[in-house]
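The lines below spell out each chain.
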Amino acid sequence: QKEVEQDPGPLSVPEGAIVSLNCTYSNSAFQYFMWYRQYSRKGPELLMYTYSSGNKEDGRFTAQVDKSSKYISLFIRDSQPSDSATYLCAMSGGAQKLVFGQGTRLTINP
Amino acid sequence: ETGVTQTPRHLVMGMTNKKSLKCEQHLGHNAMYWYKQSAKKPLELMFVYNFKEQTENNSVPSRFSPECPNSSHLFLHLHTLQPEDSALYLCASSQGPTSNNEQFFGPGTRLTVL
């Protein structure tokens, strides 16, 4: 079993839709949870960062962490074509070693 | 230059060649990382350097040889690579070993081994 599971997609939705991206994990020691966005031919950029359980909102983006279920989510409201990218979840137990999901390729159709 | 830069952006090499990848961070960070990103696989951590000292080698084959001359520069020396080493090699940096692990990535070097 992989430490972090993420559906690779692809996921295609119409512009304006609410997008839900998810990851599950098996290591209960993980405390730090991140979402990265990676455009084609670019490096990943940090989108959201959450410590422990709870919600965090930044503009159209909301990150949720449920440690009891070992489940994290990223919601994108009012999705735009510019949101089309691969979204990577990542997590760690406090050390520098991040464990990444495979990434979900998302396309927002105008 | 801002953030994390990597050169070259693309590299094609034969299995007998020797080449080097370069990374430079302009963020004042003290930790630097090499990752490998292969198609349909998660990012794999290769090496971690803190204050120029290697603190993590994630069982990487010796044909990959990192070098960190100072906290701003990181190199990955390549020799006698295999076709399966073809991938996107990403460099990242963070504040340091006691940071909250926010890692900032460069654009990567797309490596093709023939």
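A quick note: this is a predicted structure, and the numbers were derived from the prediction, not measured.

Conventions adopted
- Residues numbered from 1 in each chain as written.
- Chains lettered and ligands numbered in written order.
- Predicted model: local features only at pLDDT ≥ 70, side-chain atom pairs only at ≥ 80, totals over all residues.
- Heavy atoms only, no water.
- Pairing = 2+ DSSP bridges.
- Helix = DSSP H or I, 4+ residues; strand = E, 2+ residues; numbered from the N terminus.
- Axes fitted to C-alpha atoms, helices over the stretch in contact; angles between N-to-C directions.
- Disulfide = S-S within 2.5 Å.
- Buried < 20%, exposed > 50% of the residue type's maximum accessible area, 1.4 Å probe, protein only.
- Contact = heavy atoms within 4.5 Å.
- Buried area = accessible area lost by both parts, 1.4 Å probe.
- Salt bridge = Lys/Arg side-chain N within 4 Å of Asp/Glu carboxyl O.
- Polar contact = N/O pair within 3.5 Å; in protein donor to acceptor, adjacent residues only side chain to side chain.
- Nonpolar A, V, L, I, M, F, W, Y, C, P; charged D, E, K, R; others polar.
- Core = buried A, V, L, I, M, F, W, Y, C linked by side-chain atoms within 4.5 Å.

## Topic: the sheet that holds strand 7 (residues 64-70) of chain B
Residue and element names in this part refer to chain B.
Then step 1. Here we have 4 strands laid out as an open sheet, ordered 1-3-8-7, and antiparallel in their pairing. Lying at the two open borders of the sheet, with one neighbouring strand each, are strand 1 (4-7) and strand 7. Pairs of neighbouring strands in the sheet enclose a mean axial angle of 20°, with direction left out of account.

## Notes on the state of the cysteines
Then step 1. Following the criterion strictly, the structure yields 2 disulfides over all chains and no others.
Then step 2. Across the disulfide, Cys23 of chain A is cross-linked to Cys89 of chain A (sulfur-sulfur distance 2.0 Å). Handedness here is read from the sign of the S-S torsion; for Cys23 of chain A and Cys89 of chain A, about -100°, the answer is left-handed. Taken together, the positions of Cys23 of chain A in strand 3 (residues 19-25) and Cys89 of chain A in strand 9 (residues 85-92) put the pair 66 residues apart, joining distant regions of the chain. As far as burial versus exposure is concerned, Cys23 of chain A and Cys89 of chain A are alike and both buried.
Then step 3. A sulfur-sulfur separation of 1.9 Å characterises the disulfide bridge that pairs Cys23 of chain B with Cys91 of chain B. Negative torsions about the S-S bond denote left-handed disulfides, and the value of about -70° found for Cys23 of chain B with Cys91 of chain B makes this one left-handed.

## Considering the interface of chain B and chain A
The extent of an interface is frequently quoted as the accessible surface area lost upon association of the parts.
Then step 1. Between chain B and chain A, the residue contacts involve 27 residues of the former and 20 residues of the latter.
Then step 2. Here chain B and chain A share an interface that buries about 1700 Å² over both sides, 52% of which is from carbon and sulfur atoms.
Then step 3. Summed over the shared surface of chain B and chain A, the result is 0 salt bridges.
Then step 4. Joining chain B to chain A, the criterion identifies 8 residue pairs in polar contact (both at pLDDT 80 or more).
Then step 5. Among the secondary structure elements, those contributing two or more residues to the side of chain B that touches chain A are strand 4 (31-37), strand 5 (44-50), strand 6 (53-57) and strand 9 (87-94) of chain B.
Then step 6. Split into classes, the residues belonging to the side of chain B that touches chain A amount to 12 nonpolar, 10 polar and 5 charged.

## Re the nonpolar core
Then step 1. In this structure, Val4, Trp35, Ile72, Leu74, Tyr87 and Met91 of chain A are the most contacted members of the largest nonpolar core, which totals 24 residues.
Then step 2. Of all the elements in the fold, those that place two or more residues in this core are strand 3, strand 4 (32-38), strand 5 (45-51), strand 7 (61-66), strand 8 (71-76), strand 9 and strand 11 (104-109) of chain A.
Then step 3. Residues in contact with Leu74 of chain A, not counting those within four places in the same chain, are Val19, Ser20, Leu21, Trp35, Leu47, Met48, Phe61, Thr62, Ala63 and Tyr87 of chain A.
Then step 4. The next biggest cluster of nonpolar side chains, apart from the first, holds 22 residues, and it includes Met13, Leu21, Tyr89 and Val113 of chain B.

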